[in-house]
Amino acid sequence: MRFRPAALTALFALIVPAALVATAAPAAAAPLATDGPGDGTPWVVTLGDSYISGEAGRWAGSSNDDYRRADALGSHAYHDNTDGTGEVIARCHRASSAEAYIGGGVNGLNLACSGATTATSTGTYFKPGIDFYSSGGNKGQALMLQEAAATRNVGMVVVSIGGNDFEFASVVQACVVNFLTSPSWLKNYCHDDDSVEDNFTAANVAAVRSRVAGALRNVATAMSNAGYSTSQWTLVVQTYPSPVPNGSGIRYSESGYTRQSTGGCGLWNQDADWANSTVLPTINGALLGAASDVGLPNVRTLDMTHAFDGKRLCESGVGLYEEVGLASWQSAGAVDRTEWVNQIRTVTTIGDSPYFVQESLHPNYWGQLAMRNCLRQVWNGGNPRSGSCAVGNLGAARLTQSGEPSMLLGPLDKG
């Protein structure tokens, strides 16, 4: 018996596209009275949505037997207030494993928010966009940046935004619902649904590109208002990683429910292929196009497209802890043998569950630390550079002394 679409849609309503030592975010460093543009300890600030805020950063791989096997950060993973007891903004899910905290004498400030679009939205949860919104104590990310940068020496601002402007969560929802409500002999694909296709028309792509360009201009305005010249800071535009392999690389059969009930990757092969061949390039293309449209001289690119290749959700070669025979995330080799992307979750979030639906299909603890490792290489000792991020020693991934996956920052992929 297949699941009812209405029930599955309700379960997905909250989806929003979010190491052994030195993994926690350091306590927020108080800037000195003399700190400001060009003076004081350098800071890296991250802005954007769930793919940079740290969404899913609690979980190091997955287990359907016992969540504690993968629970690297515990229930306080997203508590970013000064005493670690709660969130500054509810459901922003700014994980302590997020990439902002590169260390090495550089302070990190994470202003990103899971579920954010280019523009601020209000509703059940406040979602600050990259704008100058200000009402009732709530502020947009550009305004937060402006205020923070005035009393800090911000050398690099990293932005990842646009996925939610393309309704990424709704696309994922449609794909999984179609998988669960159609049989393998009469597959109902999502990539040809009108509600999905509408997000990727030429007109909508152009509209999102324009909104992203506006957000990037807001970042530049915020830094200028805070007293910076373009020579004093660098804007890094960060693209999105591929979270799932092509259909042929998924380790579970298309038949039955195993892809979702066990792997948490309920997608037909053709939809997985389409996600990598169309969705990801379109979103990343709009983001990079917007960066070009802004025309700033201090822009660099961190290409994350292939950062998780070999370690993606349900990819052959990695698995759940019970599938690969490891006790927990602290077991030797866990970073190499488990996934770096969180499962798509439905019924496992009901009741007294440690999971959030919004954590679905986001970089997990390993993935967050991998991105941090790449961002540190982009920082390049204070002389930021562009590059494409990839797993180092693929097939035998190793942790660095700081507990992060060892990553490679190569030349930008022009393909």
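Undergrad: Explain the packing of aromatic side chains here, please?
TA: Centre distance and the angle of the planes are the two values used to describe a pair of aromatic rings. The tally for this structure, following the rule as stated, stands at twelve aromatic pairs. Look at Tyr-51 and Phe-168: their rings are 6.4 Å apart centre to centre, the planes differ by 85°, and that puts the pair in the edge-to-face class. With a gap of 117 residues between them, Tyr-51 in helix 2 (residues 50-53) and Phe-168 in helix 4 (residues 168-180) connect regions that are remote in the sequence. Per residue, the accessibility class of Tyr-51 equals that of Phe-168, and both read buried. Among the aromatic side chains, those forming a connected cluster through ring pairs are Tyr-51, Phe-168 and Tyr-240. We note Arg-152 situated over the ring of Trp-43; from NZ or CZ to the ring centre the distance is 4.7 Å. Lying over the aromatic face of Tyr-355, Arg-345 brings its terminal NZ or CZ to 3.5 Å of the ring centre.

Undergrad: Help me out: how do you make sense of helix 6 (residues 202-225) in this one?
TA: Every α-helix carries 3.6 residues per turn, so stepping three or four residues along brings you back to the same face. Relative to the 34 Å expected for 24 residues at 1.5 Å per residue, helix 6 spans 34 Å between its end C-alpha atoms, a close match to the ideal helical length. Inspection of helix 6 places Val-208, Val-212, Ala-213, Ala-215, Leu-216, Val-219, Ala-220, Ala-222 and Met-223 among the buried residues, and these make up the whole buried set. Turning to helix 6, the residues buried within the fold contact strand 1 (42-48), helix 3 (141-149), strand 5 (153-160), strand 6 (234-238) and helix 8 (269-294). Following helix 6 by one or two positions, Gly-227 has its phi on the positive side, about 105°.

Undergrad: Which parts of the structure should I look at to understand the state of the cysteines?
TA: Here is the idea: a disulfide is a covalent bond, and it sits between the sulfur atoms of two cysteines. Within the structure shown, the criterion is met by four disulfides. Note on cysteine connectivity: Cys-265 is disulfide-linked to Cys-314, with sulfurs 2.1 Å apart. One quick way to see it: the torsion about the S-S bond of Cys-265 and Cys-314 is about -100°, and its sign makes the bridge left-handed. Here the residue Cys-265 occupies a position in the loop between helix 7 (258-261) and helix 8, and Cys-314 occupies one in the loop between strand 7 (299-303) and helix 9 (321-324), the gap between them amounting to 49 residues. Of the two residues examined, Cys-265 and Cys-314, each falls in the buried class. Here Cys-374 pairs with Cys-389 through a disulfide, and the sulfurs are 1.8 Å apart. Handedness here is read from the sign of the S-S torsion; for Cys-374 and Cys-389, about 70°, the answer is right-handed. Highlighted residues: Cys-374 in helix 11 (residues 365-379) and Cys-389 in strand 8 (residues 387-391), separated in sequence by 15 residues. Each of the two residues, Cys-374 as well as Cys-389, counts as buried.

Undergrad: Just to check I follow, could you spell out the pattern of salt bridges for this structure?
TA: It is possible for side chains of opposite charge to pair when their charged atoms get near one another. A full pass over the atoms with the stated rule returns 13 salt bridges. A salt bridge links Arg-58 to Asp-71; the shortest N-O distance between them is 2.7 Å. Placement of Arg-58 in the loop between helix 2 and strand 2 (107-110) and of Asp-71 in the loop between helix 2 and strand 2 is noted, with a sequence separation of 13 residues between them. In terms of burial, Arg-58 and Asp-71 fall into one category: buried. Arg-209 is the salt-bridge partner of Asp-293, the closest N and O atoms lying 2.8 Å from each other.

Cut-offs applied
- Residues numbered from 1 in each chain as written.
- Predicted model: local features only at pLDDT ≥ 70, side-chain atom pairs only at ≥ 80, totals over all residues.
- Heavy atoms only, no water.
- Phe/Tyr/Trp six-rings, centres within 6.5 Å; stacked < 30°, edge-to-face > 60°.
- Helix = DSSP H or I, 4+ residues; strand = E, 2+ residues; numbered from the N terminus.
- Buried < 20%, exposed > 50% of the residue type's maximum accessible area, 1.4 Å probe, protein only.
- Lys NZ or Arg CZ within 6 Å of the ring centre and 35° of its normal.
- Expected span 1.5 Å × (residues − 1).
- Contact = heavy atoms within 4.5 Å.
- Disulfide = S-S within 2.5 Å.
- Salt bridge = Lys/Arg side-chain N within 4 Å of Asp/Glu carboxyl O.

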